[in-house]
Amino acid sequence: FEQIQTGFPEVWAEKLRNPLHFRYPGSGGESYADVIGRLRPIILELERQRRSVLVIAHPAVQRCIYAYFTGHPTEDIAQIDIESHSVVELSPGPYGCETKTVKLCSAD
């Protein structure tokens with residue numbers, strides 16, 4: 001992100017102004033709102049599962065799934081910290097969703 005901040009300050013300013021709907025310039029850029037729309041049918045399938053499911057995905061997708069199951073406000077999705085090199089276990093229950101992060105290796 002540092003390269004974007006210094007090389008394209010106007011793009012960075014727009015990203016900070018509207019993180020939920022911001023799309024990087026060029027073809028294929030998706031906003032978090034776009035990702036949420038694409039994930040709706042997948043989230044419905046995840047809710048129906050009765051066994052454990054492993055989801056390997058881009059951090060933006062991970063943030064959206066995490067926010068949905070833990071009840072984070074949609075506006076805060078871009079600020080959710082998902083650690084690299086880890087597995088986040090989400091255990092939905094009747095009174096919320098328990099989370100547990102397991103670090104797989106150090107980032108070094």
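Residues numbered from 1 in each chain as written. Predicted model: local features only at pLDDT ≥ 70, side-chain atom pairs only at ≥ 80, totals over all residues. Heavy atoms only, no water.

**Here's the deal with the side chain of Ser 31**
Here comes step 1: Looking at where Ser 31 falls in the secondary structure, it is placed in the loop between α2 (9-17) and α3 (32-48).
Here comes step 2: Among residues more than four places away in sequence, those in contact with Ser 31 are Leu 20, His 21, Phe 22 and Arg 23. (Helix = DSSP H or I, 4+ residues; strand = E, 2+ residues; numbered from the N terminus. Contact = heavy atoms within 4.5 Å.)

**Considerations on the side chain of Lys 15**
Here comes step 1: Within the fold, Lys 15 resides in helix α2.
Here comes step 2: Buried and unpaired, Lys 15 has Glu 14 as its nearest opposite-charge partner, separated by 11 Å.
Here comes step 3: In contact with Lys 15, not counting residues within four places along its chain, are Phe 1, Phe 22 and Tyr 24. (Buried < 20%, exposed > 50% of the residue type's maximum accessible area, 1.4 Å probe, protein only. Lys, Arg positive; Asp, Glu negative; His and termini not counted. Salt bridge = Lys/Arg side-chain N within 4 Å of Asp/Glu carboxyl O.)

**Description of the environment of Tyr 68**
Here comes step 1: Looking at the element boundaries, Tyr 68 is found in helix α4 (residues 59-70).
Here comes step 2: Taking the relative accessible area as the measure of exposure, Tyr 68 reaches 42% and is therefore partly exposed.
Here comes step 3: A C-alpha to C-alpha distance of 10.0 Å links Tyr 68 and Arg 40, two positions 28 residues apart in sequence.
Here comes step 4: Apart from residues lying up to four places away in sequence, Tyr 68 is in contact with Ile 43 and Glu 47.

**As for the pairing of strand β2 (residues 96-103)**
Here comes step 1: Where strand β1 (residues 86-93) meets β2, eight bridges bridge the pair, whose relative direction is antiparallel. Within the sheet, the bridge partner assigned to Gly 93 lies in β2 and is Gly 96.
Here comes step 2: What sits between β1 and β2 in their antiparallel hairpin is a turn of two residues. (Pairing = 2+ DSSP bridges.)

**Considerations on the pattern of salt bridges**
Side chains that carry opposite charge are capable of pairing whenever their charged atoms lie near each other.
Here comes step 1: Following the criterion strictly, the structure yields five salt bridges and no others.
Here comes step 2: Between Glu 30 and Arg 38 there is a salt bridge, with the nearest N and O atoms lying 2.7 Å from each other.

**Looking at a nonpolar patch on the surface**
Here comes step 1: On the surface, Leu 54, Ile 56, Val 87, Val 102 and Leu 104 cluster together into a nonpolar patch covering about 520 Å² of accessible area.
Here comes step 2: Here Leu 104 lies in the segment after β2. (Patch = residues over 30% accessible without salt bridge, like charges linked within 9 Å, V, L, I, M, F, W, Y side chains within 5 Å. Areas by Shrake-Rupley, 256 points an atom, 1.4 Å probe, with all protein chains shown as cover.)

**Comments concerning the state of the cysteines**
One way to say it: the disulfide is the covalent bond shared by the sulfur atoms of two cysteines.
Here comes step 1: Under the defined criterion, the tally for this structure stands at zero disulfides.
Here comes step 2: The closest cysteine sulfur to the non-disulfide-bonded Cys 64 is located on Cys 97, 15 Å from its own sulfur.
Here comes step 3: Assessed through its relative accessible area of 4%, Cys 64 is described here as buried. (Disulfide = S-S within 2.5 Å.)

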